[in-house]
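Observations on the three-dimensional arrangement
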Amino acid sequence: MRINRYIALATGMSRRAADQAILGGRVAINGQPARPSDQTNKGAVVTLDGKTVAASTVLQTILLNKPAGYVVSRDGQGSKTIYDLLPATMKHLKPIGRLDKDSSGLLLLTNDGKLAHRLTHPSFHKAKIYEVTLDQALQPLHRQMISDIGVLLDDGPSKLQLERLADGDDTRWRVTMHEGRNRQIRRTFACLGYTVTRLHRTYFGEYQIGDIKPGAFTNLS
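Presented here is a report on the structure given in the accompanying data block. (Residues numbered from 1 in each chain as written. Predicted model: local features only at pLDDT ≥ 70, side-chain atom pairs only at ≥ 80, totals over all residues. Heavy atoms only, no water.)

Here we look at the overall build of the chain
Note the cut-off: The numbering of helices and of strands both runs from the N terminus, where a helix is a DSSP run of H or I of at least 4 residues and a strand a run of E of at least 2. Any two residues whose heavy atoms approach within 4.5 Å at even a single point are treated as in contact. Calculation of accessible area relied on Shrake-Rupley with a 1.4 Å probe; when residues are assessed, cover is drawn exclusively from the protein chains displayed. Positive charge is attributed to Lys and Arg, negative charge to Asp and Glu, and no charge count is given to His or to the chain ends. Lys charges are placed at NZ, Arg charges at CZ, Asp charges at CG and Glu charges at CD.
Each helix and strand counted, the chain has five helices and 17 strands in total. The principal-axis extents of the C-alpha atoms in the chain amount to approximately 65 × 35 × 35 Å. Contacts in the chain between residues at least 24 apart in sequence constitute 63% of all its contacts with a sequence separation of at least 6. Of the roughly 12,000 Å² that the chain leaves accessible, carbon and sulfur atoms contribute 49%. Charged side chains of the chain number 31 positive and 20 negative; the gap between the two group centres comes to 7 Å.

In structure tokens form, the structure reads like this:
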């Protein structure tokens, strides 16, 4: 296994960060400074900053019901992070996509790069479904704009599928999308004068949140 991938699997670093650690002389293989081109073999002792690290070659995926108020990051910069909810043995897993701090619901974390690619690459058209609550009733014209025409944002048009969560209630909607732009749902409604007061993801591709309690997770491996 290439050394940067080994370090990434063992620590949760990105491969770019692992490369920087290697170039900075922080990584050693069997006591010798590692080079970016080095490979690790079975039985090799790999250290980072003088501490032995071990990469798991077992693929693991978990489904977390992220509560609102937690950031999807290792460094919360003063905020709680999703890794505060996980045991140490799972802190090397990486999130597939994002949910912003104020959003909740289904979040997948994995060390399976193929799964992450299959769920996030636009060519696979994986649907994501959210339950969204607005601060005021959505006007019929605005619903038509969002569903049929699309709303022009600063990074391109945004088109969402909308369905009422309850008959007669125009503040609560089931929103289906196939993109993954930053805060796209919130920005789409904000462009038309609405504030999203609750955003909860229930489906991501073939995965669904089910009855997992907020802050809890289930192991899908």
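Considering the side chain of Thr110
Convention followed: By the criterion applied in these results, polar contacts are pairs of N or O atoms within 3.5 Å in which, for protein atoms, one can donate a hydrogen and the other can accept it, and in which residues neighboring in sequence qualify only through two side-chain atoms.
Of note, Thr110 is situated in strand β9 (residues 104–110). Among the polar contacts listed, one links the side chain of Thr110 to the side chain of Thr61, at a separation of 2.8 Å. The residues touching Thr110, leaving out its near neighbours within four places in the chain, are Gln60, Thr61, Leu93, Lys94, Ile96, Leu115 and Ala116.

Concerning the sheet that holds strand β3 (residues 46–48)
Backbone hydrogen bonds hold the strands of a sheet together, and the pairing may be parallel or antiparallel. Counted only if it meets this: The rule for pairing is simple: two strands pair if DSSP sees at least two bridges between them.
Taken together, four strands build an open sheet; the order of strands is β2-β1-β3-β4 and the sheet is antiparallel. Each edge of the sheet is formed by a strand with only one pairing partner; in this case those strands are β2 (32–33) and β4 (51–53). Pairing analysis gives two bridges linking strand β1 (residues 27–29) to β2, with the strands arranged antiparallel. Note that in β2 the partner of Ile29 across the bridge is Gln32.

Observations concerning the packing of aromatic side chains
The condition is simple: By convention, a stacked pair of Phe, Tyr or Trp rings (six-membered ring in the case of Trp) has centres within 6.5 Å and planes under 30 degrees apart, an edge-to-face pair has planes over 60 apart, and any other such pair is tilted. Throughout this description, the term charge over a ring refers to an Arg CZ or Lys NZ atom that lies within 6 Å of the ring centre and within 35 degrees of the ring normal.
Evaluation of the coordinates by the stated rule reveals zero aromatic pairs. Geometry around Tyr83 places Arg74 over its ring, the cationic atom sitting 4.2 Å from the centre. The ring centre of Phe204 lies 5.5 Å from the NZ or CZ of Lys128, which sits over that ring.

Here's the deal with a positive patch on the surface
To be explicit about the condition: The patch calculation keeps residues exceeding 30% relative accessible area without a salt bridge and links them within 9 Å when they carry like charges or within 5 Å when they are nonpolar (Val, Leu, Ile, Met, Phe, Trp, Tyr). Should a side-chain nitrogen of Lys or Arg be within 4 Å of a carboxyl oxygen of Asp or Glu, the pair is scored as a salt bridge.
Where like charges cluster on the molecular surface, the positive patch consists of Arg5, Arg15, Arg74 and Lys94. Here Arg5 lies in helix α1 (residues 3–11).

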